[in-house]
Amino acid sequence: MKRSISGIKPTGNLTLGNYIGALREFKKYQDEYENYVFIADLHALTLPIDPAFLRSNTKDIVAFYLASGLDINKTTIFLQSDVSAHSELNSILINYLYMGELSRMTQFKDKSAKLNHEAIGVGLFAYPVLMAADILLYNADVVPVGEDQQQHVELTRDLVHRFNTRYNKEVFVMPKAITPKVGARIMSLSDPTKKMSKSDPKGDIFLKDEPNIIRKKIMSAVTDTGSDIIYDPVNKPGISNLLQIYAALSDISIEEAQTKFKDIHQYGEFKKIVADKVLEEIIPFQERYKAFLNNNTINEVLNIGKERARKVANKTLTKIKKTVGLYVHE
Ligand code: AMP
Ligand code: TRP
């Protein structure tokens, strides 16, 4: 059976972008793939974060995973820091990627630009190394992610090529990023030229927002002048983003969504239909999330996942240790 792996960083409140670009996709793989989904808590330390906030975000993500329909009989849900092989493989792989390639990563450039040059963490710089370890430990064939993570998966592919060539055998499986056909990059509602990210309270729809707040945010989303509902990200980024959200949640193409709205010439009416669609999906999702959010369920899920993930990861780690010449003994 082919394998799929992905994860989300518990760095803040999850957004509709996380939901459409990643979370909602994960369960699509659990029937046909051996599915691994984790909480990238070590990655959350790459920028300063309050410990209590990190812990509560971590629990939230487990409950969100369950609420999105991930079934622990089909999907291994685990915590990155529970499987020490991630850190161990990281310290091997860090020698196989170059400073030049890491410094060209868009996410690193964006995040480090906001920091004082002298205070850019080594972990932030080396972020893609740990991400490569996450993927390669599970011999994953596919990695479902939003568009912003594609570059990191590409770098993992370069690493696989380099490593396999150097040791002259198929040590690692070549992974492939898969992004959703519609919704791989959801934009901010307050500035639709920017990505919706966890740090923009005005432009974000948070998965934990009250339904009336979600409706308000959509109704006041920035749009352009004009009145036609047309997909044109350059000239009409706000309308295009709302069309994208509607199409993604309806599992239809952007063209189909556009046809559906061809007779509507009022943005207000269009926004109301988009808000209805979002709430139709998010309200029951929030109810399921609340039901799963208790320490017993969270701990039980993580304990089961930890055992399963460790088995697979440790096996790969031993193979890699042997490959590079570390002395493996009983
Ligand atoms: P992060 O919040 O950076 O851990 O992202 C978790 C997953 O959500 C990754 O696969 C991202 O690519 C995806 N994601 C984050 N923001 C967006 C967005 N605005 N649109 C689509 N996908 C996103
Ligand atoms: N870097 C991803 C993000 O910021 C999270 C992540 C960490 C991940 N390791 C991964 C995603 C491995 C897929 C596979 O969204």
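The shown structure was predicted, so the numbers you read here are calculated from the model rather than taken from an experiment.

### Points about the environment of Leu207
For Leu207, the position within the fold is in the loop between β5 (176–178) and α9 (211–219). Contact partners of Leu207, with chain neighbours within four places excluded, come to Leu14, Thr15, Leu16, Tyr19, Leu23, Phe64, Ile282, Phe285 and Gln286.

### Remarks on the packing of helix α3 (residues 85–93) against helix α13 (residues 295–324)
Two numbers describe how α3 lies on α13: the axes approach to 10 Å, and their chain directions differ by 20°. With respect to α13, the element α3 is oriented roughly parallel. Like other packed secondary-structure pairs, α3 and α13 cross with a definite hand, here left-handed. Where α3 approaches α13, its residues Ala85, Glu88, Leu89 and Ile92 are matched on the opposing element by Ala313, Asn314, Leu317, Ile320, Lys321 and Val324. A breakdown of the residues in the contact of α3 with α13 according to their chemical character gives seven nonpolar, one polar and two charged.

### A few points about the site of ligand 1
The environment of ligand 1 is made up of 17 residues, and the closest members are Lys9, Gly146, Asp148, Ile186 and Lys198. Between Gly17 and ligand 1, the recorded distance is 3.2 Å, taken from a backbone N or O atom to a nitrogen atom. At 2.9 Å from a nitrogen atom of ligand 1 is found a main-chain nitrogen or oxygen belonging to Met196. Sort the elements by how many residues they give to the shell around ligand 1 and helix α1 (residues 16–26) lands first, with four residues. Split into classes, the residues belonging to the shell around ligand 1 amount to six nonpolar, six polar and five charged.

### Description of helix α2 (residues 51–67)
For the α-helix, the turn length of 3.6 residues means that residues three or four positions removed from each other point alike. Across its 17 residues, α2 extends 24 Å between first and last C-alpha, which sits within 8% of the 24 Å expected from 1.5 Å per residue. For α2, every residue scored as buried is listed here: Leu54, Asn57, Thr58, Asp60, Ile61, Val62, Ala63, Phe64, Tyr65, Leu66 and Ala67. Taken together, the buried residues of α2 touch β1 (3–8), α1, β2 (34–39), β3 (75–79), α12 (267–292) and α13. Once α2 ends, the next one or two residues include Gly69, with phi positive near 105°.

### Here we look at unusual backbone geometry
Despite not being glycine, Asn139 has its phi angle at roughly 50°, a positive value. Note on placement: Asn139 falls in the loop between α7 (127–136) and β4 (142–144). The phi angle at Asn168 is positive, at roughly 55°, despite the residue not being glycine. You can see Asn168 is positioned in the loop between α8 (150–166) and β5.

Scoring rules and cut-offs
Residues numbered from 1 in each chain as written. Chains lettered and ligands numbered in written order. Predicted model: local features only at pLDDT ≥ 70, side-chain atom pairs only at ≥ 80, totals over all residues. Heavy atoms only, no water. Helix = DSSP H or I, 4+ residues; strand = E, 2+ residues; numbered from the N terminus. Contact = heavy atoms within 4.5 Å. Axes fitted to C-alpha atoms, helices over the stretch in contact; angles between N-to-C directions. Parallel < 35°, antiparallel > 145°, perpendicular 65-115°, else oblique. Left-handed = near helix turned anticlockwise from the far one by under 90°. Nonpolar A, V, L, I, M, F, W, Y, C, P; charged D, E, K, R; others polar. Near = heavy atom within 4 Å. Polar contact = N/O pair within 3.5 Å; in protein donor to acceptor, adjacent residues only side chain to side chain. Expected span 1.5 Å × (residues − 1). Buried < 20%, exposed > 50% of the residue type's maximum accessible area, 1.4 Å probe, protein only.

Spatial relationships are all this shows, so hold off on functional conclusions.
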